[in-house]
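Report on the structure
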Amino acid sequence: MSGSLEIAVSEIFHSIQGESSFAGWPCAFIRLAGCGHGCRNCDTGYAEEGGVTMTVTEAVSRALSFGAPCIEVTGGEPLLQAGAYPLLEELCENCPQVLLETGGFLPVDQVDPRVRIILDIKPPSSGVSGANCIENLSLALESPHRFEFKFVLASREDYLWAKEFIFGNLLAGTCTILFGAVFGKLELQLLAGWILEDRLPVRMQLQLHKYIWKPDTRGV
Ligand code: SF4
């Protein structure tokens with residue numbers, strides 16, 4: 001029974017979705033523990049290891065107890081755990097909108113097709129941009145409605161790199177593309193100006209939860 005599989009969970013909480021086209025919606029989050037990719041701008045270092053062990057079914061029932069209209073599985077890097085796949089499947093059986101946020105280093109071809117995948121593309125300032133899993137791009141072009149590509153940018157260099165990436169990989173005008181700023185590192189007005197000047201077909205986003213609560217608050 002896949003529901004009895006165990007997963008390592010960093011936290012399960014109820015908050016406002018902050019970073020996708022679902023931003024602003026009440027959302028239950030299941031943050032799986034474990035990562036190790038070492039992105040320089042990571043803001044969830046506490047979830048890179050450890051976590052509490054529970055079954056997939058226990059995690060699903062905790063998340064459902066909030067009665068939120070959507071549930072997001074995040075991390076850490078959730079796809080490092082084999083239990084992430086049955087977890088997403090069981091959530092899809094019970095909730096109309098399931099989101100997955102992944103660092104974008106691992107293939108997503110085994111993820112339940114009902115899941116909306118928010119996939120990070122790491123720019124140069126992350127120190128790990130060479131590790132992006134490029135195979136995911138062809139899957140996105142086949143089923144663009146399943147994907148949102150998220151770029152969290154720290155500089156003009158990151159912005160120019162991301163602009164080239166979305167056009168070079170045919171994502172512009174095909175998939176939802178999210179451009180945001182590393183909190184406190186890139187001025188939002190600068191980023192907005194560049195997007196408008198270049199007439200980019202991207203959605204600018206804030207990390208909404210960092211404006212509602214203090215930026216380093218956990219469990220939101
Ligand atoms: S993939 Fe995500 S959790 Fe892992 S180090 Fe990078 S930003 Fe942090």
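Residues numbered from 1 in each chain as written. Predicted model: local features only at pLDDT ≥ 70, side-chain atom pairs only at ≥ 80, totals over all residues. Heavy atoms only, no water.

**Quick notes on the sheet that holds strand β9 (residues 203-204)**
The strand order across the open sheet built from 9 strands is β3-β1-β2-β4-β5-β6-β7-β8-β9, with neighbouring strands paired in mixed fashion. Edge positions in the open sheet fall to β3 (52-55) and β9, since each of these has one partner strand only. Relative to β9, strand β8 (residues 176-181) runs parallel, the two being bridged by 2 bridges. Across the sheet, residue Phe-179 finds its bridge partner in β9, namely Met-204. Its contacts with the sheet place helix α5 (residues 188-197) against β7 (147-153), β8 and β9, and it is angled at close to 145 degrees to β8. (Pairing = 2+ DSSP bridges. Helix = DSSP H or I, 4+ residues; strand = E, 2+ residues; numbered from the N terminus. Contact = heavy atoms within 4.5 Å. Axes fitted to C-alpha atoms, helices over the stretch in contact; angles between N-to-C directions.)

**Focus: the pattern of salt bridges**
Going through the model one piece at a time under the given rule, you end up with 10 salt bridges. A salt bridge links Glu-19 to Lys-150; the shortest N-O distance between them is 3.2 Å. Here Glu-19, found in the loop between β1 (6-16) and β2 (26-32), pairs with Lys-150, found in strand β7; they are 131 residues apart in sequence, far enough to count as distant. Judged by relative accessible area, which is 3%, Lys-150 ranks as buried. Between Arg-114 and Asp-112 there is a salt bridge, with the nearest N and O atoms lying 2.8 Å from each other. Residue class for Asp-112 comes out buried when judged on its relative accessible area of 10%. Shared partners join several salt bridges into a network, and the residues in it are Glu-19, Glu-101, Asp-120, Lys-122 and Lys-150. (Salt bridge = Lys/Arg side-chain N within 4 Å of Asp/Glu carboxyl O. Buried < 20%, exposed > 50% of the residue type's maximum accessible area, 1.4 Å probe, protein only.)

**Quick notes on a nonpolar patch on the surface**
Together, Phe-183, Met-204, Leu-206 and Tyr-211 line one region of the surface with nonpolar side chains, adding up to about 330 Å² of accessible area. What makes Met-204 partly exposed here is its relative accessible area of 30%. (Patch = residues over 30% accessible without salt bridge, like charges linked within 9 Å, V, L, I, M, F, W, Y side chains within 5 Å. Areas by Shrake-Rupley, 256 points an atom, 1.4 Å probe, with all protein chains shown as cover.)

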